[in-house]
Amino acid sequence: MKLFRLCLIGLAALCSCSADQNPEKPEEKTPVQTEPAKPDDGGQTNPEPASSKTLVIWYSFTGNSKAIASALLTHIEADAVEVKPAEEGLDYAANNYAIGSSLISAIRSNPSSAASYPAIKDVDVDFDAYGTFIVVAPLWWSQMAAPMQSFLFKFGEKMAGKTIGLIVTSASSGISSVEEDAKRLIPQGKFLSESLWIRSAQVGNATKLTADWYDKLFPSQKEQNSMKITITAGGNAFAAEIEDSETGHAFLAKLPLTLEMSELNGNEKYCYGVSLPKNDKRYDSIVAGDLMLYSGDCVVLFYGNAGGYSYTRIGRITDATGLATALGKGSASVKFEKR
Ligand SMILES: Cc1cc2nc3c(=O)[nH]c(=O)nc-3n(C[C@H](O)[C@H](O)[C@H](O)COP(=O)(O)O)c2cc1C
């Protein structure tokens, strides 16, 4: 820590959640609401996911639902699975949305027959491992997009008794019929009291919209989530927890941050120029993954054991396996961003 070296601090883009061009709203064939329907909460309270795992299930034709799912995944700890139609390359919007329209018509005319649903690619999901499922899907002709309906028709019963969240994107149509589809296809699901409706034009704001929605429905998770960050080096992402302290909050306020960190002693990478409030104490036993502040303006990321100097703790990587390899032998570019 004794060497003062120039280091570069760059603001990194938080997440490339850019929305595709907003598709035109197709001509409506059925009455379509222009205002979001009041969600049917069925008298439910919002269940808390507690310690159980969450799976985000998404399908996207033009990229909006994909961007929304990615945005949500920067905020919560969850696994994700993409629903893919078995037949690749179909243009559901061609010829005035002819293919999309006929798929939806087939489901509408016989929703209880498996033959009405377009085939999707196999997925390998252990449904028992999850307590919460968040479905992210586009609206087609006021209904849930056909491939996601296929997924839920196939697996909805395996989601019985589980907490179900629904995020729907449309050009302008209200989402009440999509909510009805979800409840028909997951009859025993415990639906959250509010679904999230994101219009195509709002997809650029999906990070905030999904985070606000989630935090409102799962308030006890909010504080926990807000202290979690991702540290990326050498293409490897590491989950880290920031201290609930003045130093920790000041560090979070600077994110996203990319630091060009210098090598020292074969056990740490450091970067001067990041001023944070300090509350130093002597640390005799530092381990790989400890993220520390040295002399009030130097961020130090340890990838090996150390000790004997004064620091203020910023946070720690939860599992530092592979950190040394990811950081490499010389200086390293390290990105810090909120989840
Ligand atoms: C077949 C098809 C039908 C659609 N029907 C409607 C509709 O009835 N009302 C509407 O507002 N948007 C409609 N859309 C637009 C999509 O809901 C909207 O662009 C959505 O954001 C696309 O999500 P994605 O990019 O994840 O596919 C339709 C799109 C397609 C492809």
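Residues numbered from 1 in each chain as written. Predicted model: local features only at pLDDT ≥ 70, side-chain atom pairs only at ≥ 80, totals over all residues. Heavy atoms only, no water.

**Some words on the pattern of salt bridges**
Now for step 1: For the coordinates displayed, the defined rule picks out twelve salt bridges.
Now for step 2: Where Glu243 meets Arg316, a salt bridge forms, and the shortest distance between an N and an O atom there is 3.7 Å. Of this pair, Glu243 sits in the loop between β10 (236-242) and α7 (246-253) while Arg316 sits in strand β16 (residues 309-317), placing them 73 residues apart in sequence.
Now for step 3: The salt bridge partner of Arg282 is Asp284, with a shortest N-O separation of 2.9 Å.
Now for step 4: Overall, the relative accessible area of 53% leaves Arg282 in the exposed class. (Salt bridge = Lys/Arg side-chain N within 4 Å of Asp/Glu carboxyl O. Helix = DSSP H or I, 4+ residues; strand = E, 2+ residues; numbered from the N terminus. Buried < 20%, exposed > 50% of the residue type's maximum accessible area, 1.4 Å probe, protein only.)

**What to know about the environment of Tyr214**
Now for step 1: Along the chain, the position of Tyr214 falls in helix α5 (residues 206-217).
Now for step 2: Residue classification places Tyr214 among the buried positions, given a relative accessible area of 2%.
Now for step 3: Distance in space between the C-alpha atoms of Tyr214 and His75 is 8.7 Å, their sequence separation being 139 residues.

**Focus on the site of the ligand**
Now for step 1: In the vicinity of the ligand there are 24 residues, among which Ser60, Thr62, Asn64, Leu139 and Ser173 approach most closely.
Now for step 2: The contact in question runs from an oxygen atom of the ligand to an N or O atom on the backbone of Gly63, over 3.0 Å.
Now for step 3: Expressed as a share of its isolated accessible area of 640 Å², the protein-covered part of the ligand is 98%.
Now for step 4: Partitioning the shell around the ligand into residue classes produces ten nonpolar, twelve polar and two charged. (Near = heavy atom within 4 Å. Polar contact = N/O pair within 3.5 Å; in protein donor to acceptor, adjacent residues only side chain to side chain. Areas by Shrake-Rupley, 256 points an atom, 1.4 Å probe, with all protein chains shown as cover. Nonpolar A, V, L, I, M, F, W, Y, C, P; charged D, E, K, R; others polar.)

**Quick look at the packing of aromatic side chains**
Now for step 1: Scanning the model with the defined rule gives 15 aromatic pairs in all.
Now for step 2: Ring centres of Tyr92 and Trp140 lie 4.7 Å apart, and the angle between their planes is 45°; this geometry places the pair in the tilted category. Of this pair, Tyr92 sits in the loop between β3 (79-82) and α2 (94-109) while Trp140 sits in strand β4 (residues 130-140); the two residues are 48 residues apart in sequence, bridging distant segments of the chain. Of the two residues, Tyr92 and Trp140, neither departs from the other in class, the shared state being buried.
Now for step 3: Their ring planes at 55° and their centres at 4.9 Å tell us that Phe151 and Phe155 sit as a pair that is tilted. Of the two residues, Phe151 and Phe155 are both situated in helix α3 (residues 146-155); the distance of four residues between them amounts to about one turn of the helix.
Now for step 4: Note on Phe151: relative accessible area 0%, which makes it buried. (Phe/Tyr/Trp six-rings, centres within 6.5 Å; stacked < 30°, edge-to-face > 60°.)

**Some points on helix α1 (residues 64-75)**
Now for step 1: The end-to-end C-alpha separation of α1 is 17 Å, in line with the 16 Å expected for twelve residues at 1.5 Å each.
Now for step 2: The buried count for α1 comes to nine of twelve residues, which makes it a mostly enclosed element.
Now for step 3: Buried within α1 are the following residues: Asn64, Ser65, Ala67, Ile68, Ala69, Ala71, Leu72, Thr74 and His75. (Expected span 1.5 Å × (residues − 1).)

**Details of the environment of Gly330**
Now for step 1: Along the chain, the position of Gly330 falls in the loop between α8 (323-327) and β17 (332-338).
Now for step 2: Placed 61 residues apart in sequence, Gly330 and Lys269 show a C-alpha to C-alpha distance of 8.7 Å.
Now for step 3: Non-local contacts of Gly330, meaning those with residues more than four positions away in its chain, are made with Glu263 and Lys269. (Contact = heavy atoms within 4.5 Å.)

**Observations regarding the confidence of the model for the protein chain**
Now for step 1: For the protein chain, mean pLDDT is 86; residues scoring 70 or higher make up 84% of the total.
Now for step 2: Note that pLDDT drops below 50 for residues 1-45; the model gives that stretch 105 contacts with residues more than four away or on any other chain. (pLDDT = per-residue confidence, 0-100.)

**Digging into the packing of α1 against α5**
Now for step 1: The geometry of α1 relative to α5 is characterised by a closest axis approach of 8 Å and an angle of 55° between their N-to-C directions. By the angle between their axes, α1 is oblique relative to α5. The way α1 lies across α5 gives a crossing that is right-handed. Between α1 and α5, the contacting residues are Ile68, Ala71, Leu72, Thr74 and His75 on the first element and Ala206, Thr207, Thr210, Ala211, Tyr214 and Asp215 on the second.
Now for step 2: When grouped by side-chain class, the residues that make up the contact of α1 with α5 number six nonpolar, four polar and one charged. (Axes fitted to C-alpha atoms, helices over the stretch in contact; angles between N-to-C directions. Parallel < 35°, antiparallel > 145°, perpendicular 65-115°, else oblique. Left-handed = near helix turned anticlockwise from the far one by under 90°.)

**Some words on α2**
Given 3.6 residues per helical turn, the α-helix brings residues three or four places apart onto the same face.
Now for step 1: Here α2 is 16 residues long and its end C-alpha atoms lie 22 Å apart, about the 22 Å a rise of 1.5 Å per residue gives.
Now for step 2: Largest kink in α2: about 35°, centred on Ser101.
Now for step 3: Those residues of α2 that fall on the buried side of the exposure criterion are Tyr97, Gly100, Ser101, Leu103, Ile104 and Ile107.
Now for step 4: For α2, the secondary structure elements touched by its buried residues are β4, β5 (143-144), α3 and α4 (176-185). (Bend = angle between axes of the 7 residues up to and from the residue.)

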